[in-house]
Amino acid sequence: MSSRYRQFDRSRLTVLPLEERKSLIDTGIIKTAQPCTEVHPSLEAIAKELTIARDKNSTRVLMIGAHVIRSGVQRYLFELMEKGLISCIAVNGACAIHDFEFALLGQTTECVATYISNGQFGLWQETGQLNEIISKGNTQGLGFGEAVGKYICENKLPHADISLFAKAYELGIPVTVHAGIGYDIIHEHPNCDGAAIGEASYRDFLIFAAQLEQLENGVVMNFGSAVMAPEIYLKALAMVRNAAPSPIRNFTTLVCDLHDLPEQVGSEAPKSDAQYYFRPWKTMLVRTVADGGKSYYVRGFHEQTIPQLYTAATKL
């Protein structure tokens with residue numbers, strides 16, 4: 001039995017090589033890890049909490065949106081990973097796309113306004129290789145993130161040295177990709193296997209949930225993810241608290257974003273305030289740490305906050 005509704009025929013699509021796309025970002029955006037002259041006090045506190053969590057073998061989770069990849073702060077994150085201050089990285093599907101394009105071609109990001117006008121947005125041949133990588137990895141029982149990192153490393157892509165996925169794979173740090181079907185440009189492609197993406201991404205969700213089993217005395221950081229990070233964190237935390245033999249209460253959360261939140265974020269905004277619907281605030285900074293945890297909010301661009309966190313960590 002099949003659906004009674006008509007589906008779009010992907011064989012009609014024209015998928016062009018990336019050499020015909022004007023990319024907006026290249027490897028020139030990648031910064032050298034250098035200490036900052038000033039560090040926000042909350043990031044100094046988080047650096048200390050990360051060190052404690054590492055020494056206690058508690059979870060140190062980094063959750064990011066795709067703008068982190070496009071901010072060129074990869075080498076700062078590499079340093080934190082090598083110091084053992086990150087034990088898991090949770091990302092959305094766009095992070096995988098930007099990281100893969102960087103590793104393969106040394107460039108990424110297209111002008112949406114330009115390419116949506118002519119219907120070419122997202123339809124680039126090389127980027128579509130991700131669908132095949134995910135499908136093959138899924139048949140091997142790999143998660144989405146592990147499959148991508150493994151491919152970049154084993155195939156020695158030209159710019160693998162700036163790939164967050166590759167670095168994590170080399171260090172044995174899981175990168176979990178939390179995809180929403182229809183969210184990402186690779187879902188437009190004729191070779192997209194939605195079942196494979198769904199299974200591989202759900203496997204990543206279970207890997208992420210397993211990481212939260214060691215969250216007591218740990219740290220969860222969210223840089224620039226307004227929906228993915230708070231939502232998967234909320235569900236995974238519910239799962240591990242449900243199954244845990246002892247309470248998971250004493251841990252620290254950090255959100256770094258551009259929203260103009262009040263200095264004190266220990267109480268959520270009223271429903272009459274639009275800020276109430278900013279999930280990182282009420283979910284990550286208030287509700288999930290209400291039973292004994294701590295939370296911090298730092299307003300700033302990723303190219304400012306991540307180097308500051310790195311600077312604070314290198315002092316310890």
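Look up a bit, the structure's there.
The notes below deal with the structure included here. Note that the structure is predicted; figures quoted are calculated from it, not measured. (Residues numbered from 1 in each chain as written. Predicted model: local features only at pLDDT ≥ 70, side-chain atom pairs only at ≥ 80, totals over all residues. Heavy atoms only, no water.)

**Quick look at the pattern of salt bridges**
Where charged atoms from two side chains of opposite charge approach closely, those side chains can pair. Throughout the structure, instances matching the rule amount to 12 salt bridges. Glutamate 44 is paired through a salt bridge with lysine 315; the nearest N and O atoms lie 4.0 Å apart. Placement of glutamate 44 in helix α1 (residues 41-55) and of lysine 315 in the segment after α12 (302-314) is noted, with a sequence separation of 271 residues between them. Using a relative accessible area of 34% as the deciding quantity, one classes glutamate 44 as partly exposed. A salt bridge links glutamate 231 to lysine 235, with the nearest nitrogen and oxygen atoms 2.3 Å apart. Here the residue glutamate 231 and the residue lysine 235 both occupy positions in helix α10 (residues 228-243), the gap between them amounting to 4 residues, near one helical turn. (Salt bridge = Lys/Arg side-chain N within 4 Å of Asp/Glu carboxyl O. Helix = DSSP H or I, 4+ residues; strand = E, 2+ residues; numbered from the N terminus. Buried < 20%, exposed > 50% of the residue type's maximum accessible area, 1.4 Å probe, protein only.)

**Some details on the packing of helix α6 (residues 129-139) against helix α7 (residues 144-154)**
Angle between the axes and distance between the axes: these two values describe a pair of packed helices. Here α6 crosses α7 at 110°, and the two axes come no closer than 9 Å. Of the possible angle classes, the one that applies to α6 and α7 is roughly perpendicular. Seen along the crossing, α6 lies across α7 with a hand that is right-handed. Residue-level contacts link Gln129, Leu130, Ile133, Ile134 and Gly137 of α6 to Phe144, Ala147, Val148 and Tyr151 of α7. A per-class count over the contact of α6 with α7 returns 7 nonpolar, 2 polar and no charged. (Axes fitted to C-alpha atoms, helices over the stretch in contact; angles between N-to-C directions. Parallel < 35°, antiparallel > 145°, perpendicular 65-115°, else oblique. Left-handed = near helix turned anticlockwise from the far one by under 90°. Contact = heavy atoms within 4.5 Å. Nonpolar A, V, L, I, M, F, W, Y, C, P; charged D, E, K, R; others polar.)

**Topic: the nonpolar core**
If you look at the biggest cluster of nonpolar residues, it comprises 66 residues, and the most contacted ones within it are Ile64, Ile89, Met221, Phe223 and Leu254. Take this core: its biggest share by element is 7 residues, from helix α4 (residues 93-105). In contact with isoleucine 89, not counting residues within four places along its chain, are Leu62, Met81, Leu164, Ile173, Pro174, Val175 and Thr176. Counting 31 residues, the second-largest nonpolar core is a separate cluster that includes Phe278, Trp281, Leu285 and Val289. (Core = buried A, V, L, I, M, F, W, Y, C linked by side-chain atoms within 4.5 Å.)

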